[in-house]
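Coordinates in review
Take a look at the letters that make up each chain.
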Amino acid sequence: MTMRERIYINEVGLRDGLQNQPNPVSTQAKLEMAQALLDAGVEYLEAVAFVHPKAVPQMADAAEVLAGLAQIPLKKDVEISALVPNMRGYERARANGVNSVAVVVASTDTFNLRNLNMTTAKATDVCREVIQQARADGVKVRGYVSGALSCPYDGKTPVDVVHRMCAEMIEFGADEISIGDTIGAGNPQQINDILGPLVQQFGPERFNLHLHDTRGQALAMAWAGITQGVRRFDSSIGGLGGCPFAPGASGNVATEDLVYMLEEAGFDTGIDIAKLRVAVQAAERATGQALGGRILQWMKSQEIREQNKQNPCI
Ligand code: COA
Ligand code: ZN
């Protein structure tokens, strides 16, 4: 038997997925989502953000969420990460036992000012500071380039801007670079144009794609990433997601859609898609919304078939 190639899926539903929710989501509901995700085999969980609670009220219970996660018995190693916008966020994350952080810089001044109250130059300085501190502390650190395909305010992002930002973050010492289509406005050709030169210069290993499915292009873009050698992706259970500072942004690519495509294509995600159904349900309870990727109807039909097999009289 040939070994299936491994894909690393970072579940961001608890962070990106919930940060934009209009109704408060309880810590308990978040932990139920996390439990279901871990039961399904998720190994990378961006669980919280240590941002200003006024900027993103849904992340105000970050410390409580981490404390609750620490109580969940794990069957395998799980990496729990936190988004941190600045040194204050980094210090809060460290004080709460976090060993993996993500720092953000957007592609334009307009977006950085709305999101972080910083110019791009300032956000880049802060990013360098956080990355260097994380390196010194032995903390894994990822740089998010957000608005990498398009900025919600300034339109399509020039490819060379993204290349420069990625190179900078690598130079600062980031372990991983996440290229974010924050508003889901990109297309697969753009992914090729962005990744081609980066992969040539730096290799594909450290790049991650963070895709939103706003216009239904996320899976096609993920596949473009696969053909460029990328093996790391972010996704949200049920397709939850959206940035409060990016008008028009909707959900991340649904974890269940991504897992289905990749497993069918012969990759190993380490995730049991049937068990993701439970996680979608937990996310629906948490948000009071009907959720689910494009694959959900098919998953439901599979469940009915399974039930009928068990109860052949019905
Ligand atoms: N967590 C909690 N409090 C923080 C903080 C953090 N990460 N960073 C700063 N603060 C506090 C400061 O201590 C200060 O408190 P004080 O008034 O009691 O002294 C206050 O916030 C203002 O500090 P300042 O550095 O001027 O922050 P700001 O008001 O310019 O806000 C951010 C900057 C980055 C903290 C804020 O814009 C933010 O949290 N953005 C995140 C947005 C987000 O999550 N977007 C989606 C994901 S990309
Ligand atoms: Zn996002």
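Calculation criteria
Residues numbered from 1 in each chain as written. Chains lettered and ligands numbered in written order. Predicted model: local features only at pLDDT ≥ 70, side-chain atom pairs only at ≥ 80, totals over all residues. Heavy atoms only, no water. Donors = N, O, S within 2.8 Å, 3.2 Å for Na, K, Ca; no water. Buried < 20%, exposed > 50% of the residue type's maximum accessible area, 1.4 Å probe, protein only. Axes fitted to C-alpha atoms, helices over the stretch in contact; angles between N-to-C directions. Helix = DSSP H or I, 4+ residues; strand = E, 2+ residues; numbered from the N terminus. Parallel < 35°, antiparallel > 145°, perpendicular 65-115°, else oblique. Left-handed = near helix turned anticlockwise from the far one by under 90°. Contact = heavy atoms within 4.5 Å. Nonpolar A, V, L, I, M, F, W, Y, C, P; charged D, E, K, R; others polar. Pairing = 2+ DSSP bridges. 1 Å grid on protein atoms, 1.4 Å probe; cavity = no way out; pocket = protein on both sides within 12 Å on 5 of 7 lines; lining within 4 Å. Points joined across faces, edges and corners; volume = space filled by probe spheres on them. Near = heavy atom within 4 Å. Polar contact = N/O pair within 3.5 Å; in protein donor to acceptor, adjacent residues only side chain to side chain. Sits in = over half its atoms within 2 Å of the grid points. Arc of directions from axis to C-beta.

1. Description of the coordination of the zinc ion (ligand 2)
The protein atoms donating to the zinc ion (ligand 2) are Asp16 (OD), His210 (NE2) and His212 (NE2), with metal-donor distances spanning 1.9 to 2.1 Å. Sequence spacing among the residues donating to the zinc ion (ligand 2) works out to D-x193-H-x1-H. Here His210 falls in the buried class, since its relative accessible area comes to 4%.

2. Observations concerning the packing of helix 2 (residues 27–39) against helix 3 (residues 62–70)
Running from amino to carboxyl end, helix 2 crosses helix 3 at an angle of 45°, the nearest separation of the two axes being 10 Å. Looking at the two axes, helix 2 sits oblique to helix 3. Seen along the crossing, helix 2 lies across helix 3 with a hand that is right-handed. Here Thr27, Lys30, Leu31 and Ala34 of helix 2 come into contact with helix 3, specifically with Glu64, Val65, Gly68 and Leu69. Partitioning the contact of helix 2 with helix 3 into residue classes produces four nonpolar, two polar and two charged.

3. Overview of the sheet that holds strand 8 (residues 176–181)
Overall, parallel pairing links the eight strands, which are arranged 1-2-3-4-5-8-9-10 in a closed barrel. Between one strand axis and the next, the sheet turns by 25° as a mean value, whatever way the strands run. Bridge count for strand 9 (residues 207–211) against strand 10 (residues 232–235) is three bridges, and the pairing is parallel. Following the sheet pairing, Leu209 is matched in strand 10 by Phe233. Taken strand by strand, helix 6 (residues 120–137) contacts strand 4 (100–106) and strand 5 (140–146), and its axis lies near 165° from that of strand 4.

4. Some thoughts on unusual backbone geometry
Backbone geometry at Asn117 places phi at a positive 60°, although glycine is not the residue there. Along the chain, Asn117 turns up in the loop between helix 5 (109–116) and helix 6. Assessed through its relative accessible area of 66%, Asn117 is described here as exposed.

5. Looking at empty space enclosed by the protein
One pass over the full model with this rule turns up two cavities of 30 Å³ or more. If you go around the largest cavity, you meet 17 residues; those closest to its centre are Asn10, Glu79, Lys140, Arg142 and Glu176. Its residues placed into classes, the lining of the largest cavity shows seven nonpolar, four polar and six charged. Taken as a whole, the second largest cavity spans an internal volume of roughly 40 Å³. For the second largest cavity, the full set of lining residues is Arg6, Ile7, Tyr8, Ile9, Val42, Glu43, Tyr44, Thr269 and Ile271. In terms of residue class, the lining of the second largest cavity is built from six nonpolar, one polar and two charged.

6. Quick look at the site of ligand 1
Close to ligand 1 lie 17 residues, the nearest being His52, Asn86, Arg92, Asn115 and Asn117. Contact distances for ligand 1 include 2.8 Å between a nitrogen atom and a side-chain N or O atom of Arg92. Because more than half of its atoms lie within 2 Å of the grid, ligand 1 is assigned to the largest pocket. If you list the elements that add at least two residues to the shell around ligand 1, you get helix 4 (87–95) and helix 5. With three residues, the single largest contributor to the shell around ligand 1 is helix 4. Grouping the constituent residues of the shell around ligand 1 by class yields eight nonpolar, six polar and three charged.

7. A few points about helix 3
Taken as a whole, helix 3 has its buried residues at Ala62, Val65, Leu66, Gly68 and Leu69. Relative to the axis of helix 3, the buried residues are bounded by an arc of 160° and lie together on one face. Considering only its buried residues, helix 3 is in contact with helix 2, strand 2 (44–49) and strand 3 (79–83).

8. A closer look at the environment of Leu83
Mapped onto the secondary structure, Leu83 falls in strand 3. Judged by relative accessible area, which is 8%, Leu83 ranks as buried. Along the primary structure Leu83 and Ala47 are separated by 36 residues, whereas in three dimensions their C-alpha atoms are 8.4 Å apart. Those residues in contact with Leu83 that lie beyond four places of it in its chain are Arg15, Glu46, Val48, Ala49, Phe50, Val51, Ala102, Val104 and Tyr144.

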